[in-house]
Amino acid sequence: MMTDGDLAPRPPGGLSDKIFRRHRERLAIVYIRQSTLQQVERHQESTRLQYALVDRAFHLGWARESIVVVDDDLGRSGATIEGRLGFQRLVAEVGLGRVGLVLGVEMSRLARSNRDWHQLLEICALFDTLIADVDGVYDPAHFNDRLLLGLKGTMSEAELHILKARMLEGRRAKARRGELGKSVPMGYVRRLSGEVALDPDEQAQATIRQVFALFERFRTVGKVLRYLVEHDIRMPVRLPGGPGKGELEWRRANRPTLHNLFGNPIYAGIYAYGVRATDRRRQKPGRPGTGRRSPRAGEADVFVPDRLPAYITREQFDRNQARLRANRADRLGPVRSGTALLSGLVVCGRCGLRMTAAYNNAGHAARYICGGQNSSYGAPFCQSLKSAPVDTKITSIVLKALEPAALEASLAVAADLQAERTALEQQWRQRLERAQYKVDQARRRYASTEPENRLVARTLERDWEEALAEQGRLVADHERFRRERPQPPCPAELATIRQLTADLPALWQAPTTTSEERQTIVRFLLERVLLTIVDASEQVLLECHWHGGSRTTHTLIRPVARVKALSTYAALLARAVDLHRVGHGCADIAAILNQEAWRPPKRRDTFNAPMVRRLLTTAGVIEPGLRRPRTIAERQPDEWTIRELAAELGVPEPTLYNWVQNGRLLSRSVKAGAGSAKLVTADAATIANLKTIRATPPPWRRLPSRVRNPNGTTLDS
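**Some words on the confidence of the model for the protein chain**
Thought 1: Averaged over every residue, the pLDDT of the protein chain is 79; residues scoring 70 or more account for 80%.
Thought 2: For the protein chain, strand 23 (residues 714–716) is the element with the lowest average pLDDT, namely 40, and strand 3 (residues 99–103) is the one with the highest, namely 92.
Thought 3: Counting interchain partners and residues more than four positions distant, the pLDDT-below-50 stretch residues 1–14 has 13 contacts.

**A word on the packing of helix 9 (residues 202–218) against helix 11 (residues 255–263)**
Thought 1: Across the interface, helix 9 lies against helix 11 with an axial gap of 11 Å and an inter-helix angle of 90 degrees. Put simply, helix 9 runs roughly perpendicular to helix 11. On the side of helix 9, the interface is formed by I208, V211, F212 and F215, while helix 11 contributes L258, L261 and F262.
Thought 2: Taken together, the residues of the contact of helix 9 with helix 11 break down into seven nonpolar, no polar and no charged.

**Describing the environment of E538**
Thought 1: If you trace the backbone, E538 turns up in the loop between strand 16 (526–533) and strand 17 (539–546).
Thought 2: In sequence terms E538 and P601 are 63 residues apart; their C-alpha atoms lie 7.9 Å from each other.
Thought 3: Residues contacting E538, with those up to four places away along its chain left out, are L556, I557, R558, V560, A565, L566, S567 and T568.
Thought 4: A polar contact is formed between the side chain of E538 and the side chain of Q539, at a distance of 3.5 Å.

**Remarks on the packing of aromatic side chains**
Thought 1: Taken as a whole, this structure holds nine aromatic pairs when the rule is applied.
Thought 2: Ring centres of Y31 and F87 lie 6.2 Å apart, and the angle between their planes is 80 degrees; on these two criteria the pair is classed as edge-to-face. One end of the pair, Y31, is in strand 1 (residues 27–34); the other, F87, is in helix 5 (residues 85–95), with 56 residues separating them in the sequence. When sorted by exposure, Y31 lands in the same class as F87, which is buried.
Thought 3: Three or more aromatic residues link up through ring pairs in this structure, and these residues are Y188, F212, F215, F262, Y267 and Y311.
Thought 4: The aromatic ring of F58 is capped on one face by R64, whose charged end is 4.3 Å from the ring centroid.
Thought 5: Just above the ring of F87 sits the side chain of R84; from NZ or CZ to the centre is 4.4 Å.

**What about the sheet that holds strand 14 (residues 365–369)?**
Thought 1: Taking strand neighbours across the sheet as the criterion, the three strands line up as 13-14-15 in an open arrangement whose pairing is antiparallel. Where the open sheet ends on each side, the last strands, each with one partner, are strand 13 (356–360) and strand 15 (384–386). In this sheet, adjacent strand axes meet at a mean angle of 30 degrees when their direction is disregarded.
Thought 2: One ladder, built from five bridges, connects strand 13 with strand 14; its direction is antiparallel. Its bridge partner lying in strand 14, T356 is registered against I369.

**Focus: helix 9**
Thought 1: For helix 9, built from 17 residues, the straight-helix expectation of 24 Å at 1.5 Å per residue is met to within 8% by its first-to-last C-alpha distance of 24 Å.
Thought 2: Looking at helix 9, one finds that the buried residues are A204, Q205, T207, I208, V211, F212, L214 and F215.
Thought 3: Buried residues in helix 9 make contact with strand 7 (196–198), helix 10 (221–230), strand 8 (235–238), strand 9 (248–251), helix 11 and helix 12 (314–326).
Thought 4: Its side-chain oxygen 2.9 Å from the backbone nitrogen of Q203, D201 forms the N-cap of helix 9.
Thought 5: Positive phi shows up at R219, right after helix 9, with a value of about 75 degrees.

**Some remarks on the pairing of strand 17**
Thought 1: Pairing geometry for strand 16 and strand 17, over seven bridges, is antiparallel. Counterpart to I533 in the pairing with strand 17 is V540.
Thought 2: In this structure, the hairpin formed by strand 16 and strand 17 is closed by a connection of five residues, where D535 is found at a positive phi of approximately 55 degrees.
Thought 3: Of the strand pairs in this sheet, strand 17 and strand 18 (residues 551–557) are connected by seven bridges, and their pairing is antiparallel. Bridge pairing in strand 18 links C544 to T552.
Thought 4: Counting the residues between successive antiparallel strands, the hairpin from strand 17 to strand 18 contains four residues, one of them, G548, with a positive phi of roughly 115 degrees.

**Quick look at the sheet that holds strand 18**
Thought 1: Spatially, 12-16-17-18 is the arrangement adopted by the four strands of the open sheet, whose pairing is mixed. What marks the edges here is a single partner per strand, and that holds for strand 12 (346–348) and strand 18. Each adjacent strand pair in this sheet contributes to an overall mean axis angle of 30 degrees, direction not counted.
Thought 2: Running at roughly 95 degrees to strand 16, helix 19 (residues 515–525) makes contact with strand 16 and strand 17 of the sheet.

**Brief notes about the side chain of Q316**
Thought 1: Mapped onto the elements, Q316 comes out in helix 12.
Thought 2: Each residue touching Q316, except ones within four places of it in the same chain, is listed here: F212 and E216.

Definitions and cut-offs
- Residues numbered from 1 in each chain as written.
- Predicted model: local features only at pLDDT ≥ 70, side-chain atom pairs only at ≥ 80, totals over all residues.
- Heavy atoms only, no water.
- pLDDT = per-residue confidence, 0-100.
- Helix = DSSP H or I, 4+ residues; strand = E, 2+ residues; numbered from the N terminus.
- Contact = heavy atoms within 4.5 Å.
- Axes fitted to C-alpha atoms, helices over the stretch in contact; angles between N-to-C directions.
- Parallel < 35°, antiparallel > 145°, perpendicular 65-115°, else oblique.
- Nonpolar A, V, L, I, M, F, W, Y, C, P; charged D, E, K, R; others polar.
- Polar contact = N/O pair within 3.5 Å; in protein donor to acceptor, adjacent residues only side chain to side chain.
- Phe/Tyr/Trp six-rings, centres within 6.5 Å; stacked < 30°, edge-to-face > 60°.
- Buried < 20%, exposed > 50% of the residue type's maximum accessible area, 1.4 Å probe, protein only.
- Lys NZ or Arg CZ within 6 Å of the ring centre and 35° of its normal.
- Pairing = 2+ DSSP bridges.
- Expected span 1.5 Å × (residues − 1).

Printed below as a string of structure tokens:
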């Protein structure tokens, strides 16, 4: 409802009929923005035009002291609200009900994003705030004005999109010609003529080549970085700006720098555009250079080989990319220095997760553990076993696969694959030849028509363009095919492989062969190995997935801790019970079991009498009880057995064995029944001395003696 103040006569001069006294009683904000600092410096007329809106607000009826100029966003883009303190201040003032009019030279000055623009319209409509530009005054609460303001905001956003798309397409067109100038990485310089050349500093060139040679040798970025740090090798960097622009500076190597170095195709002489695409989710406001992903040469928009001077060959660049992909944590990972042969290759046959290699005993004892469910959900470990039996089995399988006969078959398959590649290349040549014929045919047809007959010429011209586009697509597909297909081994490499196969088993077992080299050989052959423990027994099932698609299944016997874990426990126990019932003793039963190729769980390959006795006792066939004392002949005075002397002194038996080995006690071995026993000589004085020594605490457990001072206090001595 309008008040009397709203119906009061308005000042002359063609003022808008939408402005009332309640609007003039509040502030009028003049919002000023330029997109970049260059525009602020070079396009000063636009800035003057925006500052002149203060006079327009005065003519609309606002007092000078009620007009506020917000120019905090000079040099800020209107594509987003992030980083625009002036726009945020404007929205806050409107939301507090302090603003009656917002002025801008056009809608694009206020916002280039429909999200920010419509948010401002909602707030202005809610708090009865008018919006004005050079064309008029609008009330966002009225439908017609709201519709017009929405159209203007949409056109402003579309204009920005068209401008960006036009400039981006221009950059891409120039990049497709290889003429788009970009900043060059370390090891390169751009001459005044715009030509890219190798760094004229010989040390800079030598350092870059050395880094690539180190990666070819070590195969991981981490090892290259450690080598550079250990030898204090620094990277050559040309300063991109500042007083020392263009000067060479040596900086410490780091992992991101090395990743960018190995992933940049310029080092292979390739001109690429779009290698590092921008992820808008990771881009920080006000910093357009942020949010870039790691280099991905395969996703480049433009890929022109042999265009720039190179440090490495194209083949070496492709090998480096394959190694970087294989070294990722979600792939096999890099080759490790541990003793586990299948590190990164073992997959749990139950849950399908990758099994990791864990080490104990100072890194000498390795185990394959499936702990993915445990680390993610706190569930029990799925599978775990020692790596030694698995590695031994895989070694025999790999060496058998690398026998000369098997290798000759593999070389024959390689020859077949080469023939297949030749056939595919011939097919590509024919397709390209056909495409060239269609282009020539369309060109001749277009050239044969009369220029005045535009009705026909336009159709023939369109056909010619379509033939050229199809030819360009085929050329690009052929180049991608040649780039991605694996290269066959050359005749010299095949001859070297044949020569080394006879010595491969000896080389495998040689002490000079490292664990990393063995893992590398296995990775060349095996893609992964599925490992399954059968019913928690000693039986282990191995499923080897070979490169090329073939699969083989193998079984092995692992050591287990308990005899009950053996898959043959029931049959073993039944056989031992049968032998006991017919009157055989434990020693005879052990000999018979060994002859019949029965094997205990671990630590030894044959049974003995105590092991058979424990087996029968656990099964309840023999009553448990104390063993009969052995009769020892020829015992001298003051001689004790280890058990008797330990009971007399009250010390553990291992302590007495240690004293005997150290020469503190004299001993001798004598015959005792079917075996032998150790007798220790200890008279009464020796026993008393040993008891005293046993009762005296070691030096590190003794309490310090205390000395009393004359004043009554005590001091530690």
